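Each chain, written out:
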Amino acid sequence: MEELKRAVLEKGIVVSNDILKVDMFLNHRIDTKLALAMGNYIADYFRNKRPNIILTIEASGIAIAITTAIALGNIPVVFAKKAAASNQGTDRLHANVHSFTKNKDYAVSVERDYLPNGSRVLIVDDFLANGEAMRGLIKITEYANCTLCGAAVAIEKAFQSGGRELRNQGVDLLSLCKIKSIENGKIVLED
Ligand code: 5GP
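Residues numbered from 1 in each chain as written. Predicted model: local features only at pLDDT ≥ 70, side-chain atom pairs only at ≥ 80, totals over all residues. Heavy atoms only, no water.

Position of N17 relative to the elements: it lies in the loop between strand 1 (13–16) and strand 2 (19–21). Separated by 164 residues in sequence, N17 and S181 have C-alpha atoms that sit 7.9 Å apart. (Helix = DSSP H or I, 4+ residues; strand = E, 2+ residues; numbered from the N terminus.)

Next up, the structure:
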């Protein structure tokens, strides 16, 4: 998606050879025009699969999950929570995820009632690296007896294994911008 590729090249900040900071438009300050365009793009790709719930993970996936959900006709967005709080219900679906950026394991969970049996789930997230977050969300979708329509990420770091593994597994995975490599501070995109 050209607008996103431009934003990545112009506003992305290389933190190291495998981490990119996109706080200027996606992870801290949100470019709402771009977020709307991303939502429309994802919705157009998956519309014929008739998703009726978007599943994401807090916090950075939420903005594009919402714009996608609006473009699909105002379907609900459910975001997996990373921390347990006392006001959360007890009937929850859990998955363990290893955080690539924080290098630690954490549990993500969704209250079972918010993913009714038989729902058609589209997963949306900001980044795909090794696929840990995505695999956690897929597990939760399966525990909830829902159908996975596919998954969309804004930025796939194609030099990490997540995208390849998920596609091999048969997941219909859409990446709006694929990064081939980050070398000596330079971002190289795939065509
Ligand atoms: P994965 O679970 O695929 O290994 O990593 C994806 C998750 O880690 C995303 O939800 C995202 O929040 C975070 N992440 C992975 N790589 C990056 C990166 O280069 N930059 C940022 N900002 N987040 C990343």
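Once that is clear, we can look at unusual backbone geometry. Look at the link from E58 to A59: it is a cis peptide, with omega at -5 degrees. Following the sequence through the fold, A59 ends up in the loop between strand 3 (53–57) and helix 4 (62–71). In the Ramachandran plot, R50 falls in the positive-phi region, its phi being about 50 degrees despite a non-glycine side chain. Relative to the assigned elements, R50 resides in the loop between helix 3 (32–46) and strand 3. On the accessibility criterion, R50 (56% relative accessible area) is exposed. Phi is positive for N103, close to 50 degrees, though the residue is something other than glycine. Within the fold, N103 resides in the loop between strand 5 (92–99) and strand 6 (104–111). (Buried < 20%, exposed > 50% of the residue type's maximum accessible area, 1.4 Å probe, protein only.)

To continue, consider the pairing of strand 1. In this structure, strand 1 lies alongside strand 2, joined through three bridges in antiparallel fashion. Of the residues in strand 2, the one forming a bridge with V14 is L20. Between strand 1 and strand 2, which pair antiparallel one after the other, the connecting turn spans two residues. (Pairing = 2+ DSSP bridges.)

Quick look at the site of the ligand now. The local shell around the ligand holds 16 residues, among which L20, A129, G131, A133 and K157 are the closest. The separation between a nitrogen atom of the ligand and a polar side-chain atom of N27 is 3.0 Å. The side chain of D126 places a nitrogen or oxygen atom 3.4 Å from an oxygen atom of the ligand. Taken by itself the ligand offers 500 Å² of open surface, and the protein chains cover 88% of this. Most atoms of the ligand, that is more than half of them, are within 2 Å of grid points of the largest pocket. Secondary structure elements with two or more residues in the shell around the ligand: strand 2, strand 7 (120–128) and helix 5 (132–143). (Near = heavy atom within 4 Å. Polar contact = N/O pair within 3.5 Å; in protein donor to acceptor, adjacent residues only side chain to side chain. Areas by Shrake-Rupley, 256 points an atom, 1.4 Å probe, with all protein chains shown as cover. 1 Å grid on protein atoms, 1.4 Å probe; cavity = no way out; pocket = protein on both sides within 12 Å on 5 of 7 lines; lining within 4 Å. Sits in = over half its atoms within 2 Å of the grid points.)

Turning next to the nonpolar core. With 34 residues, the main nonpolar core has L4, V8, M38 and I155 as its most contacted residues. Listing elements by their share of this core, those giving two or more residues are helix 1 (2–11), helix 2 (23–27), helix 3, helix 4, strand 7, strand 8 (147–157), strand 9 (173–183) and strand 10 (186–189). Those residues in contact with L4 that lie beyond four places of it in its chain are F25, L34, M38, A154, I155, L176 and C177. Among the nonpolar cores identified, the runner-up in size contains 26 residues, and L55, V121, M134 and L166 belong to it. (Core = buried A, V, L, I, M, F, W, Y, C linked by side-chain atoms within 4.5 Å. Contact = heavy atoms within 4.5 Å.)

Here we take up the sheet that holds strand 7. Pairing is mixed in the open sheet, where six strands are placed in the order 4-3-7-8-9-10. Taken across any chain shown, the strands that pair with only one partner, and hence form the sheet edges, are strand 4 (77–80) and strand 10. Here the strands of the sheet are splayed against their neighbours by 25 degrees on average, with no regard to which way each runs. As paired strands, strand 9 and strand 10 are joined by four bridges and run antiparallel to one another. For E183, the partnering residue across the bridge sits in strand 10 and is K186. (Axes fitted to C-alpha atoms, helices over the stretch in contact; angles between N-to-C directions.)

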